[in-house]
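If you want the building blocks of each chain, they are given just below.
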Amino acid sequence: MLLEHLNSKIDQCKGCFNYVSANGTQQNQCGKTSLKGCCNCRDGRDGRDGRDGRNGAKGLKGEPGSSAKPPHGAIKFSDTAEKCTLSTAGTVRYSTSQNALQLCDGSTWLPVMTSGKGHVANNPGRQCLDILNAGQSRGNGLYWIDPNGGSTDDSFQAFCDMDTERGGWTLVATKVSPSFLFIKTGFSTWAAKTKYADAASQIHPDMGDWEEVMFRFSDVSSIRVLYNRKAGAPQNNKEQFDKFLMRKSASLLKSVFGFYKYSPADHNKRSPAVGFATISTLHFYSSHGISEAHAGTDKWLDIWNTGRDGSNNYVTSDDSKARGSKCIAGYCYLNKPIWVMVR
């Protein structure tokens, strides 16, 4: 046994003793209470760290997080194909088709304004067609216009349709609710930029040289009725209708010449193919709106605020409430906004 080979001698230092190992070598052993320098003992080196243990089993998948909130104050960049939704509001992308930067406002990709005509308040176009003709279009969206052409202090933003029927259309009014009266004897800058809520107005008084008015659904440009001011002019009935669209109160029933339309029922081709048509007994009332005869063909305009109609010759109607109040070219849609635009 090891004890048989030890020749131990207790040192004077408490807890420290010397011994001779079996091979005759002098050894020291220090206890916990040994004094400094006792037996000349030194601490040994630290041992090596052991190996890391194995990774534990993978945990369970957590529950889905809450819906993303729109960013506040931060600008993000996105893929050009990304849709504009509430969760991507504030995102900027580059549109190859428009050759321009676009900003998501939560529902629509809008062109990022630069210093070009119509892009900033101090460099407005006279109207949307002026901006288009100047080569400053960045597609459909809000632009700054100043119809009176004077000081830019009174410039305002208007929605421009730069695509339909060669583009250059300025928004005048929007009708969403069947009972809403979209026409009024006064101009509204708010209506000029409001696309998806009821907004009444008439053509700006300083846009007296306009030539055409278009009635269309906001998201279905293939269904539209257009009125040409110059076709068949001068004509008293046309002059009365023109004044009604601009500023004059009226309660008239007139046969008005100068209309044409597009719709799926017409194979998305111009109707009539050449020339213009007359809407017989066109109602244009400041207190009700615009409508062909209430027992008429139902193939042109029925934008009345009471929905009164003695016939139902429409191509289609998604709700009875839309008939007579939200109908263009024979198509009646309850939840599609109607835009009245001028060029």
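Residues numbered from 1 in each chain as written. Predicted model: local features only at pLDDT ≥ 70, side-chain atom pairs only at ≥ 80, totals over all residues. Heavy atoms only, no water.

- An unreviewed UniProt entry lists the chain under the name Fibrinogen C-terminal domain-containing protein, from Desmophyllum pertusum.
- The heading Subcellular location (unreviewed entry) in the UniProt record of the chain holds the text "Secreted". (UniProt positions renumbered as here; feature names shortened; annotations may be inferred.)

## Notes on the side chain of Arg-224
Then, number 1: Following the sequence through the fold, Arg-224 ends up in strand S12 (residues 220–228).
Then, number 2: Reaching out from Arg-224, the side chain makes a polar contact with the side chain of Glu-165 at a distance of 2.7 Å.
Then, number 3: Excluding anything up to four places from it in sequence, Arg-224 contacts Thr-164, Glu-165, Met-214, Phe-215, Arg-216, Tyr-260, Lys-261, Tyr-262 and Ile-328. (Helix = DSSP H or I, 4+ residues; strand = E, 2+ residues; numbered from the N terminus. Polar contact = N/O pair within 3.5 Å; in protein donor to acceptor, adjacent residues only side chain to side chain. Contact = heavy atoms within 4.5 Å.)

## Quick notes on the nonpolar core
Then, number 1: Core analysis: the largest hydrophobic core is formed by 36 residues, its most contacted members being Ile-203, Phe-241, Leu-245, Phe-259 and Ile-290.
Then, number 2: Taken together, the elements giving at least two residues each to this core come down to strand S10 (169–175), strand S11 (212–217), S12, helix H3 (236–246), strand S13 (251–262), strand S14 (277–285), strand S16 (301–304) and strand S20 (338–342). (Core = buried A, V, L, I, M, F, W, Y, C linked by side-chain atoms within 4.5 Å. Buried < 20%, exposed > 50% of the residue type's maximum accessible area, 1.4 Å probe, protein only.)

## Thoughts on H3
Then, number 1: For H3, the buried fraction is high: 8 of the 11 residues fall into the buried class.
Then, number 2: Listing the buried residues of H3 in full gives Asn-237, Lys-238, Gln-240, Phe-241, Asp-242, Phe-244, Leu-245 and Met-246.
Then, number 3: Where H3 is buried, its residues touch S11, S12, S13, S14 and strand S15 (289–291).

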